Amino acid sequence: MTRYRFFTAVTLDGFLADEHDSLDWLLSQPTGEESILPYDAFVADVGAIVTGRSTYDWVREHEGAVEGAWVYTQPTFLFTHRAPAEVPEGITVVSGPPAEHRAAIEGAAGGKDVWIVGGGDLAAAFARAGMLDELFVSIAPVTLGAGKPLLGGRFDLELLEHGTNGALLEARYRVVRSRS
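A quick note: this is a predicted structure, and the numbers were derived from the prediction, not measured.

Q: Just give me the short version of unusual backbone geometry, but keep the residues and values in it.
A: Cis geometry is adopted by the peptide bond preceding Gly-119, which originates at Gly-118 and carries an omega value of 0°. Topologically, Gly-119 is positioned in the loop between β6 (113–118) and α5 (120–128). Phi at Asp-21 is positive, roughly 65°, even though this residue is not glycine. Turning to its location among the elements, Asp-21 is positioned in the loop between β2 (15–17) and α1 (24–27). On the basis of relative accessibility, which here comes to 24%, the residue Asp-21 falls in the partly exposed class.

Listed below in structure tokens is the structure:
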């Protein structure tokens, strides 16, 4: 069965990115060898990726400059109302509610997991559609005061696991229900 998972990092005050969509705060955080969900193990179970336009643009702008920027080889669904001028092979541009694209996303995942790469509003839309099973969040010891929130909405979560990775707190949650 395909699981929808939001694997991300957030500041202590709950932001994925600053008000300019920057992740500079994350790139300076020390990490360790231990993790409750090592990235390599996580991504090995991912068959398809879902992303929003701001995340997609940030990753594309940092290709080559940031280790690991857009190295995804899985089929990717880019949710946007403004398609990029060029769309690389393997990326499908879509718009509208996540449920309208569920069959295509799950077909592309081939029975593996779907990773909602970003952002918080997109992850919330998937959660409201009943298409977000887990949230795995690394919490960095930094505050921004403003920016893009972790989830755009009200949700009940159940803590499944927690740990640390260097300076980061890690928590894995099951999405129980939307309160929106």
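Q: Describe in detail the pairing of strand β1 (residues 4–11), supporting the description with residues and values.
A: A large share of β1 lies buried, amounting to eight of its eight residues. Alternating residues of β1 divide into Tyr-4, Phe-6, Thr-8 and Val-10 and Arg-5, Phe-7, Ala-9 and Thr-11, and every residue in both groups is buried. In the sheet, β1 pairs with β6 via two bridges, with the strands oriented parallel. Among the inter-strand pairings, Tyr-4 is bridged to a residue of β6, identified as Val-114. Here β1 pairs with strand β7 (residues 134–140) via seven bridges, running parallel. By the bridge assignment, Arg-5 is partnered in β7 with Glu-134.

Q: Please provide a residue-by-residue account of the sheet that holds strand β4 (residues 76–79), values included.
A: Spatial ordering of the open sheet is given by β5-β4-β3-β6-β1-β7-β10-β9, a layout of eight strands whose pairing is mixed. This sheet does not close on itself; its edge strands, each paired only once, are β5 (91–94) and β9 (155–165). Strand after strand, the sheet turns through a mean of 25° between neighbouring axes, direction not considered. As defined by bridge partners, strand β3 (residues 46–52) adjoins β6 across five bridges and the pair is classed as parallel. Looking at the pairing, Val-46 lines up with Asp-113 of β6. Against the sheet, helix α3 (residues 53–61) contacts β3, β4, β5 and β6, and its axis sits at roughly 100° relative to β3.

Q: Help me get a handle on the environment of Leu-12, residues and values and all.
A: Position of Leu-12 relative to the elements: it lies in the loop between β1 and β2. Take Leu-12: its relative accessible area is 56%, and that puts it in the exposed class. When the C-alpha positions of Leu-12 and Arg-154 are compared, they lie 18 Å apart, and in sequence the two are 142 residues distant. Sequence-distant contacts of Leu-12, that is, excluding residues within four places in its chain, are made with Ile-139, Ala-140, Val-142 and Thr-143.

Q: Let's hear about α3: which residues, and what values?
A: Restricting attention to buried positions, one finds in α3 the residues Arg-53, Tyr-56, Asp-57, Trp-58 and Val-59. Of the surrounding secondary structure, the elements contacted by the buried residues of α3 are α1, β3, β4 and β5.

Q: Tell me about the pattern of salt bridges, residues and numbers included.
A: Using the criterion set out here, one finds 12 salt bridges in the structure. For the salt bridge of Asp-113 with Arg-5, the shortest nitrogen-to-oxygen distance reads 3.1 Å. Taken together, the positions of Asp-113 in strand β6 and Arg-5 in strand β1 put the pair 108 residues apart, joining distant regions of the chain. Of the two residues examined, Asp-113 and Arg-5, each falls in the buried class. Measuring nitrogen to oxygen at the nearest pair gives 2.8 Å for the salt bridge that ties Arg-102 to Glu-106.

Q: Break down the packing of aromatic side chains for me, citing the residues and quoting the values.
A: Per the counting criterion, the structure on display carries eight aromatic pairs. Between Phe-7 and Phe-42, the aromatic rings sit 4.2 Å apart at their centres with planes inclined by 20°, giving stacked as the arrangement. In this pair, Phe-7 sits in strand β1 while Phe-42 sits in helix α2 (residues 39–44), placing the two residues 35 residues apart along the sequence. For Phe-42, a relative accessible area of 1% puts it in the buried group. Aromatic side chains Phe-7 and Phe-136 sit 4.8 Å apart centroid to centroid with 15° between the ring planes, which places their arrangement in the stacked category. Highlighted residues: Phe-7 in strand β1 and Phe-136 in strand β7, separated in sequence by 129 residues. Residue class for Phe-7 comes out buried when judged on its relative accessible area of 15%. By relative accessible area, which is 3% here, Phe-136 ends up buried. Every member of this aromatic cluster is reached through a ring pair, and the members are Phe-7, Tyr-39, Phe-42, Trp-115 and Phe-136.

Parameters and conventions
- Residues numbered from 1 in each chain as written.
- Predicted model: local features only at pLDDT ≥ 70, side-chain atom pairs only at ≥ 80, totals over all residues.
- Heavy atoms only, no water.
- Helix = DSSP H or I, 4+ residues; strand = E, 2+ residues; numbered from the N terminus.
- Buried < 20%, exposed > 50% of the residue type's maximum accessible area, 1.4 Å probe, protein only.
- Pairing = 2+ DSSP bridges.
- Axes fitted to C-alpha atoms, helices over the stretch in contact; angles between N-to-C directions.
- Contact = heavy atoms within 4.5 Å.
- Salt bridge = Lys/Arg side-chain N within 4 Å of Asp/Glu carboxyl O.
- Phe/Tyr/Trp six-rings, centres within 6.5 Å; stacked < 30°, edge-to-face > 60°.

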